[in-house]
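# Chain and residue survey
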Amino acid sequence: MRKILLVFLLFFANNCMANNYCKGYQDGFAEGYCYQKFGCLKPLAPLCPLPRLGEASYNDGYKRGFLDGLRK
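Below is a summary of the structure that appears in this document. Since the model is a prediction, treat every value here as computed from it, not as a measurement.

## A closer look at the overall build of the protein chain
When you go through the protein chain residue by residue, the secondary structure sums to two helices and zero strands. In the protein chain, buried positions account for 21% of the 72 residues. Long-range contacts, defined as pairs at least 24 residues apart, comprise 65% of the intrachain contacts of the protein chain with a sequence gap of at least 6. Of the roughly 5,900 Å² of accessible surface on the protein chain, 65% is carried by carbon and sulfur atoms.

Set out below in structure tokens:
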């Protein structure tokens, strides 16, 4: 029973962190895509990539999304 509870808690914690990362990625992609463009309509962001090792926060997702948006 303890193993099931531990697996559930780890999955839940990882899912919550991924949601913050993905939200940051979406916001960053839109800002990067429209960076220094006048009258730009923010596009829909592509699917959120898996976080790299050490990336888990909103800011990490925002930075990666911003760079990907600049490249588009």
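## Quick word on the packing of aromatic side chains
All chains considered together, the criterion is met by five aromatic pairs. Judged by centre distance (5.5 Å) and plane angle (75°), the rings of Y35 and F66 are edge-to-face. On the criterion of sequence distance, the pair formed by Y35 in the loop between α1 (2–33) and α2 (58–71) and F66 in helix α2 is long-range, its members being 31 residues apart. Residues Y58 and Y62 carry aromatic rings whose centres are separated by 6.4 Å and whose planes lie at 25° to one another, so their mutual orientation is stacked. You can see Y58 and its partner Y62 sitting in helix α2, four residues apart, about one turn around the helix. Using a relative accessible area of 32% as the deciding quantity, one classes Y58 as partly exposed. An aromatic cluster is defined as three or more aromatic residues linked by ring pairs; in this entry it consists of Y35, Y58, Y62 and F66. The lysine or arginine in question, K37, covers the ring of Y33, its NZ or CZ lying 4.3 Å from the ring centre.

## Details of a nonpolar patch on the surface
A cluster of nonpolar side chains, contributed by Y35, L67 and L70, occupies part of the molecular surface with about 280 Å² of accessible area. Since its relative accessible area comes to 43%, Y35 is described here as partly exposed.

## Quick notes on the environment of R71
Within the secondary structure, R71 is located in helix α2. In this structure the C-alpha to C-alpha distance between R71 and F29, which are 42 residues apart in sequence, comes to 9.7 Å.

## A few points about the pattern of salt bridges
Considering all chains together, one arrives at four salt bridges under this definition. The closest approach of N and O atoms between E31 and K42, which form a salt bridge, is 2.8 Å. Of this pair, E31 sits in helix α1 while K42 sits in the loop between α1 and α2; the two residues are eleven residues apart in sequence, bridging distant segments of the chain. By relative accessible area, which is 55% here, K42 ends up exposed. When the shortest N-O distance is used, the salt bridge between D68 and R71 registers 2.8 Å. Separated by three residues within a single helix, D68 and R71 lie in helix α2, roughly one turn from each other.

Thresholds applied
Residues numbered from 1 in each chain as written. Predicted model: local features only at pLDDT ≥ 70, side-chain atom pairs only at ≥ 80, totals over all residues. Heavy atoms only, no water. Helix = DSSP H or I, 4+ residues; strand = E, 2+ residues; numbered from the N terminus. Buried < 20%, exposed > 50% of the residue type's maximum accessible area, 1.4 Å probe, protein only. Contact = heavy atoms within 4.5 Å. Areas by Shrake-Rupley, 256 points an atom, 1.4 Å probe, with all protein chains shown as cover. Phe/Tyr/Trp six-rings, centres within 6.5 Å; stacked < 30°, edge-to-face > 60°. Lys NZ or Arg CZ within 6 Å of the ring centre and 35° of its normal. Patch = residues over 30% accessible without salt bridge, like charges linked within 9 Å, V, L, I, M, F, W, Y side chains within 5 Å. Salt bridge = Lys/Arg side-chain N within 4 Å of Asp/Glu carboxyl O.

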